[in-house]
Amino acid sequence: MLFQIDDFDLPAWAHDELQAQCAERSVAVNELVKYLVCAHIKSLSSRAGTEFTVPHEMEARMVSEGFMVVRRSADGVVLTPSEPMSFEDALAEFQSNGLTEDDIVRAVNG
């Protein structure tokens, strides 16, 4: 049985890569996405050291800046970058969003 999934947004780099991979493989976008989901959904796990928790009110802004939601809880929203990011870049991103050093330590340890 097949199921329709809602449309979703991708960061520009992922969109470009998706288009390139589809052209290279001579497949439609829906075919490649279906393959990727089916091939990897059961192996989904945390990317060690790349997840952090932010307050719920920061979610929309962080997602608009290229972060992806991993999960939500009463404590906040766990995010991960859509592209690999160095510690320095992550620290700068936290600071640009107004987090103090204490906030950053709590987010990374959360």
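For the structure, see preceding data.
Fair warning: this is a prediction, and the values are worked out from it, not measured in the lab.

Q: Help me understand the pattern of salt bridges in this model?
A: Side chains that carry opposite charge are capable of pairing whenever their charged atoms lie near each other. Tallying each qualifying case throughout the model produces two salt bridges. Note that Glu-51 is salt-bridged to Arg-71, the shortest N-O span being 3.3 Å. Of this pair, Glu-51 sits in the loop between helix H2 (29-40) and strand S1 (52-54) while Arg-71 is found in strand S2 (residues 67-73), placing the two residues 20 residues apart along the sequence. The exposure class assigned to Glu-51 is buried, which follows from its relative accessible area of 18%. The exposure class assigned to Arg-71 is partly exposed, which follows from its relative accessible area of 43%. A salt bridge links Arg-72 to Glu-59; its shortest N-O distance comes to 2.5 Å. Placement of the pair is Arg-72 in strand S2 and Glu-59 in helix H3 (residues 59-64), with a sequence separation of 13 residues.

Q: Help me out: how do you make sense of the sheet that holds S1 in this one?
A: Either a parallel or an antiparallel arrangement is found when strands of a sheet pair, and the pairing is made through backbone hydrogen bonds. Taken in spatial order, the three strands make up an open sheet running S1-S3-S2, and their pairing is antiparallel. Here the strands that pair on one side only, and so sit at the sheet edges, are S1 and S2. Taking each pair of neighbouring strands and ignoring which way they run, the sheet shows an average axis angle of 35°. Sheet topology places S2 next to strand S3 (residues 76-81); six bridges connect them, and they run antiparallel. From the neighbouring strand, Val-69 faces S3, where its bridge partner is Leu-79.

About the cut-offs
- Residues numbered from 1 in each chain as written.
- Predicted model: local features only at pLDDT ≥ 70, side-chain atom pairs only at ≥ 80, totals over all residues.
- Heavy atoms only, no water.
- Salt bridge = Lys/Arg side-chain N within 4 Å of Asp/Glu carboxyl O.
- Helix = DSSP H or I, 4+ residues; strand = E, 2+ residues; numbered from the N terminus.
- Buried < 20%, exposed > 50% of the residue type's maximum accessible area, 1.4 Å probe, protein only.
- Pairing = 2+ DSSP bridges.
- Axes fitted to C-alpha atoms, helices over the stretch in contact; angles between N-to-C directions.

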